[in-house]
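The residues making up each chain are set out below.
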Amino acid sequence: MSRKDYSFDTRTIHVGEEAEFFEGSKNEVVAPIYLSSTYARKEVKNPGFFQYSRSQNPTRFALEKRYASLEKTTYGLGFASGLAAEATILFALLKPGDHIIGFDDLYGGTKRLFHQWEANYGITISLVDATQPLQIREAIRPETKLIWLESPSNPLLKVCDIKAITQLAHMHDLLVLVDNTFLSPYFQNPAVLGADIVVHSITKYIAGHSDVIGGAIMLNDKTLYEKLKFCQNSLGVVPSPFDCYLVLRGLKTLSLRMEKHQSNAMAIATYLENHPKVAKVYYPGLKSHPQYEIGLRQASGFGGMISFEIKGGEKEAVQFLESLELFTLAESLGGVESLIEHPGLMTHSSITARERELAGIKDSLIRVSIGVEDKADLISDLEQAFSKTNL
Ligand SMILES: Cc1ncc(COP(=O)(O)O)c(C=O)c1O
């Protein structure tokens, strides 16, 4: 069996860290952290592969190789954050006058970035409900270049049909980008479904331990890759060698973590769905989820993210959140520890109240990143916080 045939679990551990890959290697099992910012050349006119660490670094090179392998793409690129990866895509691929169609439910920081691009660089954006491909078709204009999706989306866990949207987009020569942060490559490979560009906030499940900020782009097209690689270097938005090492390390347990995130999330979503103080639960693994069947078809799992509306409004949501003892009240997601937050006041506060209302993000909405702790401990913490919430 050749290396590219190894299964996902094997590739998360080995790809990029093959000892023979590192020059001067003493057969280390773990990739060294190469801190040098520059590389000596033997001849003036012969720079060698590694010249300056912003352009390429051996630890990052190992990680980028693994990124591509996990998303089953030809190329992978590492970035200093998910937003650095996103900004690089806008910078590299769009010009004034271009139009983007975006999912109306996207991470708030992505929408904030879109608004800055609209205000400063003459790009226009239409946000539509991508669970309805007809809305995408109607939004296509002669100047449309890119369709920007998350599936499941943040924070309402909406699922869109990546294959159907990609087929539609390609009929109109449009690129499709999928932010795959919520499922990780363990559960879903958007490029295999036809997407042209896959983006990750590495900060989340891929790094997995809430101790790295990072981003990635994975893709197959050589011309697009070269444009993005050029901008990765010219903007300088690269991750540090130490962060690359942490991600290489965190990735080794991705499969184990994702399975436990998901089994805990399934138990907690079911608990919440039956709770008298809960008005609505959003989890793609529940049969009540409107796109349950699409999720089942295009991904091998539903992930560890849940959102729910508590009965009452902002006051009750805040009281509940501040009563939790084991869940950490914090932004971000995808770490081994369970995190909980109020999208309207935290992750999605950078967009206007009107935009949140249009996207269906209510003041009673709570978003949970289910960790890998014992699920009985998590449920008992939720229960004690519900009991302290006056309704
Ligand atoms: C779905 C999604 N995409 C992108 C980002 C941005 O990533 P980062 O915080 O690593 O810049 C986030 C951050 O929360 C996110 O949730």
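Residues numbered from 1 in each chain as written. Predicted model: local features only at pLDDT ≥ 70, side-chain atom pairs only at ≥ 80, totals over all residues. Heavy atoms only, no water.

1. Points about the site of the ligand
How we decide: Consider each residue's heavy atoms; a residue with any of them within 4 Å of a molecule or strand counts as near. Pairs of N or O atoms are called polar contacts if they sit within 3.5 Å, as long as, within protein, a hydrogen donor faces a hydrogen acceptor (for residues adjacent in sequence, only side-chain-to-side-chain pairs). In short, Shrake-Rupley with a 1.4 Å probe defines the accessible areas, and a residue's cover is counted only from the protein chains shown. Each residue receives one of three labels: charged for Asp, Glu, Lys and Arg, nonpolar for Ala, Val, Leu, Ile, Met, Phe, Trp, Tyr, Cys and Pro, and polar for the others, Gly being one of them.
Lining the immediate environment of the ligand, one finds 13 residues, of which Leu83, Asp179, Ser201, Thr203 and Lys204 sit closest. Gly82 has a polar backbone atom sitting 2.9 Å from an oxygen atom of the ligand. Across the complex, the protein chains shield 92% of the 390 Å² of accessible surface that the ligand would expose by itself. A breakdown of the residues in the shell around the ligand according to their chemical character gives two nonpolar, seven polar and four charged.

2. Brief notes about the side chain of Ser53
This is how it is decided: A run of H or I in DSSP counts as a helix once it spans at least four residues, and a run of E counts as a strand once it spans at least two, with each numbered from the N terminus.
Considering the arrangement of structural elements, one finds Ser53 in the loop between helix H1 (8–14) and helix H2 (58–70). Looking at Ser53, its side chain comes within polar contact range of the main-chain oxygen of Ser36, at 3.5 Å.

3. What about the domain arrangement of the protein chain?
What counts here: The domain boundaries here were taken from an automatic or database domain assignment. Accessible area, probed at 1.4 Å, shrinks when two parts are joined; the buried area is that loss added up over both. By convention in these notes, a salt bridge is any Lys or Arg side-chain nitrogen within 4 Å of a carboxyl oxygen on Asp or Glu.
Domain annotation for the protein chain reports domain 1 (3–251) and domain 2 (254–387). Taken over C-alpha atoms, the centre of domain 1 sits 26 Å from the centre of domain 2. Taken together, the two surfaces of domain 1 and domain 2 that pack against each other cover about 3,300 Å², and 58% of this comes from carbon and sulfur. The largest contributions to the domain 1 side of the interface with domain 2 come from Leu156, Phe187 and Tyr205, which together make up 24% of the buried area. Counting the contacts that link domain 1 with domain 2 gives one salt bridge. Taking the shortest distance from any N to any O, the salt bridge between Arg297 and Asp161 comes out at 2.9 Å. At the junction of domain 1 and domain 2, the tally comes to 21 residue pairs in polar contact (both at pLDDT 80 or more).

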